[in-house]
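Chain by chain, the residues run as shown.
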Amino acid sequence: MRGTGSGPWRAHVPPAAGPDLAPGRRPAVPGPDLDAYRAAVAGLLTEIPDLTHGGAEEVLAERLADPAIAAVLAATGQGVVGARETLLLEIARYRPNDRSSARDLTALIRIYLLSRIEIMWWGDEPTYLTDAQVLDGPGLVDLDRLCRQGLLRFRYRRQATTLFGRGLRAAQRRLAPDRTPRTAGLRFARTRPEVIALLSRIAYEFALAAPPGTPPLWVTSLARSMEHQYRLRRLGYAAVLPSAHCVGYAVDIEMDWYRRFGAHEALATLLLGRQDAGEINVIDEGQAWHVCVAPTALPGLRRAFDLEMGEVPTCAVSP
């Protein structure tokens, strides 16, 4: 059961017997009008740029009561009041920095409010609380294994974890700064089967739509633990809480790097088209775009994964 008001979220509480993260459990049910919600959020954001931190409270108190916005916030279990109070806390702790995808107060509010769609979808799902749960947790597939088998259409790289590896990455950036996206890489190369199927479809369509010579789709973040989400927050990243990354249904896709190939508009069009079709939620976070799978898209994506990938273990750790 979801939490109520501004109290603890279900997603923050470890399940008694470990995460039960079986996909496709939710029936398709009518919900709030997400097009109306996104339009109302866009309207709210036009009032934010001239506000101070203190002035935001009055605007949010009024605009979050808009029926189109309130319908989504109520469906998260926090309610309008809880969402507003949490957002005000985020605003109070916000400090612009080069790491954060929230370049200003407007971006912070936009990212937070659009991410509430995903909490409405996945707020009842137990999260991966620790790094160990991401590495061992059921329901996640090891990308390294699929990559070695030549089954992936998209690219990624692992985070450098040794002093030598970090030095090598730094040298590569100096010698060829635009050869790859400027990203630290994946701490966890693991995600849901449905996310892999989605990325494979997007990568295929992107290869057809992008100008010749454009590199394949590049993924910068997949499943995370709450432990890592808090780690990112301490480093200054705009890592919202709760997060669909921590239930395995969110992914970050490089966007800015494709500008040098003239391919960013093609990729944006593909992602927004799938959002319009109700398959995903998309949040423009600048360098990368955050994408979350909608519950109604799970059955078709799981069938696609099983057809394309065959029998792949979902709880094996990379060697």
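Residues numbered from 1 in each chain as written. Predicted model: local features only at pLDDT ≥ 70, side-chain atom pairs only at ≥ 80, totals over all residues. Heavy atoms only, no water.

**Some words on the packing of aromatic side chains**
Two descriptors summarise a pair of aromatic rings, namely the distance from one centre to the other and the angle between the planes of the rings. Put simply, the rule is: Any two of the Phe, Tyr and Trp rings considered here, Trp counted by its six-membered ring, make a pair once their centres fall within 6.5 Å; the pair's planes then place it as stacked at under 30 degrees, edge-to-face at over 60, or tilted in between. Remark: exposure states derive from per-residue accessible area (1.4 Å probe, protein chains only) relative to the maximum for the residue type, with buried under 20%, exposed over 50%, and partly exposed in between. Here, over-ring charges are defined by two tests on the NZ atom of lysine or the CZ atom of arginine: distance to the ring centre within 6 Å, and angle to the ring normal within 35 degrees.
Scanning the entire structure with this criterion turns up 6 aromatic pairs. Aromatic side chains Trp 257 and Phe 261 sit 5.2 Å apart centroid to centroid with 80° between the ring planes, which places their arrangement in the edge-to-face category. With a centroid separation of 6.5 Å and an interplanar angle of 50°, the aromatic rings of Tyr 258 and Phe 261 are classed as tilted. Look at Phe 261 and you get partly exposed, because its relative accessible area is 22%. Through pairs of rings, three or more aromatic residues link up here, namely Phe 206, Trp 218, Trp 257, Tyr 258 and Phe 261. Directly above the ring of Tyr 112 sits Arg 116, whose terminal nitrogen or CZ lies 4.1 Å from the centroid.

**Structural notes on the environment of Tyr 258**
The following threshold applies: Note on conventions: DSSP H or I runs of at least 4 residues are helices, E runs of at least 2 residues are strands, and numbering of each starts at the N terminus. Contacts between residues were defined by any pair of non-hydrogen atoms, one from each residue, lying within 4.5 Å.
In this structure, Tyr 258 sits in the loop between strand 4 (250-254) and helix 11 (264-276). We classify Tyr 258 as buried; its relative accessible area is 0%. The spatial distance from the C-alpha of Tyr 258 to the C-alpha of Ala 210 is 9.4 Å, given a sequence separation of 48 residues. Discounting residues that sit within four places of it in the chain, Tyr 258 has contacts with Phe 206, Thr 214, Pro 215, Pro 216, Leu 217, Trp 218, Ala 263, His 264 and Leu 267.

**As for the sheet that holds strand 3 (residues 219-221)**
Worth spelling out the cut-off: Any two strands are treated as partners once DSSP identifies two or more bridges connecting them. Convention adopted: a line fitted to C-alpha atoms gives each axis, helices being fitted over their contacting stretch, and angles between N-to-C directions are expressed from 0 to 180 degrees.
Strands sit in the order 3-4-6-5 across an open sheet of 4 strands; the sheet is antiparallel. Both outer strands of the open sheet, strand 3 and strand 5 (280-285), are each paired with one neighbouring strand and no more. The mean inter-strand angle of the sheet, taken between neighbouring strand axes irrespective of direction, is 30°. As judged from the 5 bridges shared by strand 4 and strand 6 (residues 288-293), these two strands associate in the antiparallel manner. Opposite Asp 252, over in strand 6, you have His 290 as the bridge partner. Contacts from helix 11 reach strand 4, strand 5 and strand 6 within the one sheet, and its direction differs from that of strand 5 by about 140°.

**Brief notes about the pattern of salt bridges**
Stated formally: Salt bridge, as used here, is a side-chain nitrogen of Lys or Arg placed within 4 Å of a carboxyl oxygen of Asp or Glu.
Under the definition given, this model contains 14 salt bridges. Across the pair Asp 252 and Arg 224 runs a salt bridge whose closest N-O atoms are separated by 3.1 Å. Of this pair, Asp 252 sits in strand 4 while Arg 224 is found in the loop between strand 3 and helix 10 (226-234), placing the two residues 28 residues apart along the sequence. Comparing Asp 252 with Arg 224, the two get one shared label, buried. The residue Glu 279 makes a salt bridge to Arg 274 at a minimum N-O spacing of 2.5 Å.

**Some thoughts on the packing of helix 1 (residues 34-45) against helix 5 (residues 105-122)**
We count it as follows: Roughly parallel refers to an angle under 35 degrees, roughly antiparallel to one over 145, roughly perpendicular to one between 65 and 115, and oblique to any angle outside these ranges. In this scheme the crossing of two helices becomes right-handed for a clockwise turn of the near helix relative to the far one and left-handed for an anticlockwise turn of less than a right angle.
In contact at an axis separation of 10 Å, helix 1 and helix 5 are set at 160° when each is read in the N-to-C sense. Judged on the interaxial angle alone, helix 5 and helix 1 are roughly antiparallel. You can see that helix 1 and helix 5 cross each other, and the crossing is right-handed. From helix 1, Leu 34, Tyr 37, Arg 38, Val 41, Leu 44 and Leu 45 reach across to helix 5, where they touch Thr 106, Ile 109, Arg 110, Leu 113, Leu 114, Arg 116, Ile 117, Met 120 and Trp 121.

**With respect to the side chain of Arg 84**
Locating Arg 84 in the fold gives a position in helix 4 (residues 79-93). Here Arg 84 falls in the buried class, since its relative accessible area comes to 18%. Sequence-distant contacts of Arg 84, defined by excluding residues within four places in its chain, comprise Leu 60, Ala 61 and Leu 64.

**Section: the environment of Gly 278**
Within the secondary structure, Gly 278 is located in the loop between helix 11 and strand 5. Residue classification places Gly 278 among the partly exposed positions, given a relative accessible area of 33%. As for Gly 278 and Ala 297, which are separated by 19 residues in sequence, their C-alpha atoms are 8.0 Å apart. In this structure, Gly 278 is in contact with Ala 294 and Thr 296, ignoring residues within four places of it in sequence.

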